[in-house]
Amino acid sequence: MYAGDKVAQDLGMVIADIAPGRAVLRMTLAAAMVNGHGIAHGGYLFLLADSAFAYACNTHGAVTVAASADVVFVAPARAGDVLEATAVERTRYGRSGVYDVTVRRVPDGDVIAEFRGGSRSRNERVLADGDPDRPR
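Residues numbered from 1 in each chain as written. Predicted model: local features only at pLDDT ≥ 70, side-chain atom pairs only at ≥ 80, totals over all residues. Heavy atoms only, no water.

Draft legend 1. Structural detail: the overall build of the protein. A count of helical and extended segments in the protein gives 2 helices and 6 strands. Going residue by residue from the N terminus, the α and β elements of the protein occur as α-β-β-α-β-β-β-β. Compactness check: the protein gives a C-alpha radius of gyration of 15 Å against a globular reference of 14 Å for 136 residues, within 12% of the reference. Dimensions of the protein, computed from the C-alpha atoms along their principal axes, are close to 45 × 30 × 25 Å. When the 136 residues of the protein are sorted by exposure, 37% land in the buried category. For the protein, the exposed area adds up to about 7300 Å²; of that, 52% sits on carbon and sulfur atoms. The centroid of the 15 positive side-chain charges in the protein is displaced by 5 Å from the centroid of its 16 negative side-chain charges. (Helix = DSSP H or I, 4+ residues; strand = E, 2+ residues; numbered from the N terminus. Rg over C-alpha atoms; globule rule 2.2 N^0.38 Å. Buried < 20%, exposed > 50% of the residue type's maximum accessible area, 1.4 Å probe, protein only. Areas by Shrake-Rupley, 256 points an atom, 1.4 Å probe, with all protein chains shown as cover. Lys, Arg positive; Asp, Glu negative; His and termini not counted. Charge placed at Lys NZ, Arg CZ, Asp CG, Glu CD.)

Draft legend 2. Main features of the nonpolar core. With 27 residues, the main nonpolar core has Leu 48, Leu 83, Val 101 and Val 103 as its most contacted residues. Counting residues per element, the ones that place at least two in this core are β2 (22-28), α2 (42-57), β4 (82-93), β5 (96-106) and β6 (111-125). Take this core: its biggest share by element is 8 residues, from α2. Apart from the residues lying within four places of it in its own chain, the contact partners of Val 101 are Ala 49, Ala 52, Phe 53, Ala 85, Thr 86, Ala 87, Ala 113, Glu 114 and Phe 115. (Core = buried A, V, L, I, M, F, W, Y, C linked by side-chain atoms within 4.5 Å. Contact = heavy atoms within 4.5 Å.)

Distances and angles like these do not, on their own, reveal function.
Printed below as a string of structure tokens:
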């Protein structure tokens, strides 16, 4: 999935950890990602959390997309800060799921944002025919 994720690659997101129902992504805030107040633009914080959510909910093999998402901005982040988004599956039911994502500043661990996403799985596989080099 990462191989085709141009947004994550262009923004310098790195997968730090991934396991069933869980994903950790890191990103350094570039100077172009701050607003007129000199703090991280909320859209970039949402994007990082949403990306971690996407990776976590796609770990079960079915193509899974966002059905809903909410974010609470807790503290400011600034250019040069390294942020880590940890997505954790809370529940899956039928083709739906609920995931929580916490965005923290590295290394102090301060919480920057909290995100909750609802997912919906489709009738497609993330990998076609079990071939890891053939994403669908």
